[in-house]
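Listed here are the chains, written in short residue letters.
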Amino acid sequence: MLETALILVVGLTGSGRTTFINEASGSDLKVGGTLKPCTAKVTAAKPFELSDRRVILIDTPGLSSDTLTKISTDVKKLCVSQKQNLAGIIYLHRILAKHIDPTSTLNAQMLKLELNQTPIVIATTFWSKPGQKLSPTPDDIFGEGSNVNASVEKYEDSQESAHKIVSGIMRRSPPAETEIHGSSWCCH
Ligand SMILES: Nc1nc2c(ncn2[C@@H]2O[C@H](COP(=O)(O)OP(=O)(O)OP(=O)(O)O)[C@@H](O)[C@H]2O)c(=O)[nH]1
Ligand SMILES: [Mg+2]
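Small disclaimer: the values here were computed from a predicted structure and weren't measured.

Draft legend 1. Inspection of the overall build of the chain at higher detail. When helices and strands are tallied, the chain shows 5 helices and 7 strands. For the chain, the α and β elements follow one another from N to C terminus as β-α-β-β-β-α-β-α-β-α-β-α. In terms of overall size, the chain behaves like a compact globule, its C-alpha atoms giving a radius of gyration of 15 Å where 188 residues would be expected to give roughly 16 Å. Seen through its principal axes, the chain has C-alpha atoms that stretch 45 × 35 × 30 Å. Nonlocal contacts in the chain, meaning residues at least 24 apart in sequence, comprise 74% of its contacts between residues at least 6 apart.

Draft legend 2. Just the site of ligand 1, in detail. Residues in contact with ligand 1 amount to 21 residues; listed here are only the nearest, Gly16, Thr19, Gly32, Cys38 and Thr39. Ranked by the residues each element gives to the shell around ligand 1, the list is headed by helix H1 (residues 17-25), at 3 residues. In terms of residue class, the shell around ligand 1 is made up of 5 nonpolar, 13 polar and 3 charged.

Draft legend 3. Up close: the environment of Thr137. Its place among the elements puts Thr137 in the loop between strand E6 (120-125) and helix H4 (138-142). Along the primary structure Thr137 and Ser151 are separated by 14 residues, whereas in three dimensions their C-alpha atoms are 8.6 Å apart.

Draft legend 4. How the structure looks around the packing of H1 against helix H5 (residues 159-171). Relative orientation of the contacting elements H1 and H5 amounts to 95 degrees, with a least axis distance of 8 Å. It follows from the interaxial angle that H1 and H5 lie roughly perpendicular. Along its contact with H1, which presents Phe20, Glu23 and Ala24, the element H5 presents Gln159, Ala162, His163 and Val166. Residue composition of the contact of H1 with H5, by class: 4 nonpolar, 2 polar and 1 charged.

Basis of the calculations
Residues numbered from 1 in each chain as written. Chains lettered and ligands numbered in written order. Predicted model: local features only at pLDDT ≥ 70, side-chain atom pairs only at ≥ 80, totals over all residues. Helix = DSSP H or I, 4+ residues; strand = E, 2+ residues; numbered from the N terminus. Rg over C-alpha atoms; globule rule 2.2 N^0.38 Å. Contact = placed C-beta atoms within 7 Å. Near = placed C-beta within 6 Å. Nonpolar A, V, L, I, M, F, W, Y, C, P; charged D, E, K, R; others polar. Axes fitted to C-alpha atoms, helices over the stretch in contact; angles between N-to-C directions. Parallel < 35°, antiparallel > 145°, perpendicular 65-115°, else oblique.

So this is what it looks like as structure tokens:
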């Protein structure tokens, strides 16, 4: 049987998490079309196979001070029910954002602490929209001196591009290290 890779997809509301997940997994989760946040719950998408793993992407509500605790609690529960640790976190960043709000940096830092030592990829979205684009560094997202060892990838609105990002994170998270023993949460 294929090993399961649970991968968390996070980011601010409207950063394109659900669109990315639907494209990668062939799911049909509800995408936002209004000014209101759309995804309200931690939701496991349809499993799909990639690089000899069974991949489950986890959609989340937009990361904020209000959702942070709920996201980390629900993700830990999901990991226990799947008997797997997280194989990684994909942090989606809307490339058109002019400034990164310090609160969002703090929230990203807190989530990283909660889900300690999980490999992280920052994936930038909205490249097809016109406007000034500034690619972020891990320090921009997680705070100056945070020493987060994350790569920054460009998501190019296609399944191939989404799969490349997912495969990249799985290369940094070998299957043998991801299993949870017993029912307690442990992160590597
Ligand atoms: N051009 C472009 N549009 C995108 C991209 N990602 C998402 N969108 C559009 O942006 C809107 C919001 O996308 P969602 O995938 O719902 O974003 P989300 O991060 O899941 O947002 P919430 O769940 O509402 O917090 C939709 O109209 C998408 O079609 C992208 O990479 N490029
Ligand atoms: Mg969503």
